[in-house]
Amino acid sequence: MAAALRLNTRQGRWVVVATVLGSGLALLDGTVVNIALPHIGEDLGSGVEGLQWTLSGYTLALASLILLGGALGDRWGRRRVFVWGTVWFTVASVLCGLAPDITFLVVARILQGIGAALLTPGSLALISASLHEDDRGAAIGLWSGLGGVAGAIGPLLGGWLVEVAGWRSVFFLNVPLAAVVIWASIRHIPESRDPHPPDHLDVLGSAFAVLGLGALTYGLIEMNPIAGVGGAVALTAFVVVERRSPDALVPPALFRSRMFVAANLVTFAVYAAIGGVFFLLVMQLQLVAGYSPVAAGLATMPITLAMLALSSRAGRYSQKHGPRLPMTVGPALAAIGLLLMTRIGSEASYWSDVLPGVIVFGLGLSAIVAPLTTAVLGSVPVEQAGIASGVNNAVARTSQLLAVAALPGLAGIDAASLAEPDSFSQGFRIAMYLCVAMLVVGAIIAAALIRTPAAPAQVPPDSVACQPHCDVTGPAVQPTSVRSGTGPE
């Protein structure tokens, strides 16, 4: 086995560069596509349903396959699957940029999500497997910090690209970045894999997850109850398969922990609200308030800046005092921020109508995401930290997927609303009230069920976990590897 690399060597630094850029592809794709949605709809003649599928197709493939992607990397080689995923993601990005209509774009986005499911699990896993134990903490800090910078500049970069070069450029941007990732990975990252992988891949479980989430998403977007029921049945079959499979992607034993169940219930409620907010807020700013893409991206940056400045403090508090209080206060504070956002209208002032809500919402997210990590990792034995973070990541992506699928219909936002600012604004307010309700539910669950102070699991050298707080700037995802023990934002 090759000796572990040191971070201060050329090869060690290239490992960090490749993994940061790789995870950044998925993160940037989420933020910049959100900003581009109004222009995509206008150029391709798409209604709200097409825009929902533009986001949901990507998230659907990612949420349902990311655990399988981690298992494939551990079995076949993490670097190999990481490179395969990057190539796949890049080809799909080119197809997105060339899309002649919304149907072609949605199919390409689904393919892009498959590539992301192969790509993202390897990011932190490669750092963990490649670098010397003494350097992993510093490397992960670099990964997190640079990822945060990418999240902060994503909305602004996306808005600038849309204005200067059109919405297609946000997809073509992935090509040069991916070329660097592929070259650096092949040249500098050593191969690694799990020496004792499961006997079999849980292909049947993955198939039921894809079928169930796909049918349920279709049912919600297209208002088709038969498809929705079919999706629920398939997801029930997924649960049955996971309970019986010796190589389950989602080990049922995890759910014997009350804290783990509670933390995932809070995750589902809170991340559903986050998914809905980031889908509709940038559209409200552009379609109703008249913001340019750059201005809309800049308007949301205080959320990411608050996360960068305050999340570590919230994490330290939860380590010392337990996650219950911040997991209760955070969603409640975010809900107040959304109530303030309902003031955004056709003549909204940024300083009095937009900024207050954005700041309060950002403060709320800053209070919850790191303590949520603490709760998840502290709820399971240390050897299960990786799979626990992976499951929590999948829960977060699934809730965002379903929120984007369901909220427009529930709020009365349809194709006509895109051309009628008053109608869209009314639907936006209703959607924000629904998101407020989800955040309040999350706060109540945390107050009632997150009782025992949980110290975060001391993840062993071959197991690194990063929770769903890595990508609150939009429905993008960060690394999760099932067996090697890496997880997502």
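Residues numbered from 1 in each chain as written. Predicted model: local features only at pLDDT ≥ 70, side-chain atom pairs only at ≥ 80, totals over all residues. Heavy atoms only, no water.

Draft legend 1. Focus on the packing of helix α2 (residues 48-76) against helix α4 (residues 102-119). Relative to each other, α2 and α4 sit at 25°, their axes nearing to 6 Å. Classified by the angle their axes make, α2 and α4 are roughly parallel. Where α2 crosses over α4, the handedness of that crossing is right-handed. Side by side, α2 and α4 meet where G50, W53, T54, L55, G57, Y58, A61, L62, L65, I66, G69 and L72 of the first sit next to I102, L105, V106, R109, I110, Q112, G113, I114, A116, A117 and L118 of the second. Of the residues belonging to the contact of α2 with α4, the class tally is 16 nonpolar, six polar and one charged. (Axes fitted to C-alpha atoms, helices over the stretch in contact; angles between N-to-C directions. Helix = DSSP H or I, 4+ residues; strand = E, 2+ residues; numbered from the N terminus. Parallel < 35°, antiparallel > 145°, perpendicular 65-115°, else oblique. Left-handed = near helix turned anticlockwise from the far one by under 90°. Contact = heavy atoms within 4.5 Å. Nonpolar A, V, L, I, M, F, W, Y, C, P; charged D, E, K, R; others polar.)

Draft legend 2. Highlighting the pattern of salt bridges. Inspection of every chain in the model, using the stated rule, returns three salt bridges. The partner of D43 in a salt bridge is R168, with the nearest N and O atoms 3.7 Å apart. Placement of the pair is D43 in helix α1 (residues 10-44) and R168 in the loop between α6 (133-165) and α7 (169-172), with a sequence separation of 125 residues. Overall, R168 belongs to the partly exposed group, its relative accessible area being 25%. Across the pair D353 and R343 runs a salt bridge, and its minimum N-O distance is 3.4 Å. (Salt bridge = Lys/Arg side-chain N within 4 Å of Asp/Glu carboxyl O. Buried < 20%, exposed > 50% of the residue type's maximum accessible area, 1.4 Å probe, protein only.)

Draft legend 3. Quick peek at the packing of α2 against helix α3 (residues 78-97). Following both chains from N to C, one finds α2 and α3 inclined at 150°, their axes separated by 8 Å at the closest point. The pairing of α2 with α3 is recorded here as roughly antiparallel in orientation. Between α2 and α3, the residues in contact are Y58, G69, L72, G73, D74 and W76 and R78, R80, V81, W84 and F89, respectively. Residue classes in the contact of α2 with α3 are distributed as six nonpolar, two polar and three charged.

Draft legend 4. Spotlight on the nonpolar core. If you look at the biggest cluster of nonpolar residues, it comprises 123 residues, and the most contacted ones within it are L105, L338 and F361. Of all the elements, helix α11 (residues 258-288) adds the most residues to this core, at 18 residues. Ignoring anything within four residues of it in the chain, the contact list for L338 reads V277, F361, M432, C435, V436 and L439. (Core = buried A, V, L, I, M, F, W, Y, C linked by side-chain atoms within 4.5 Å.)

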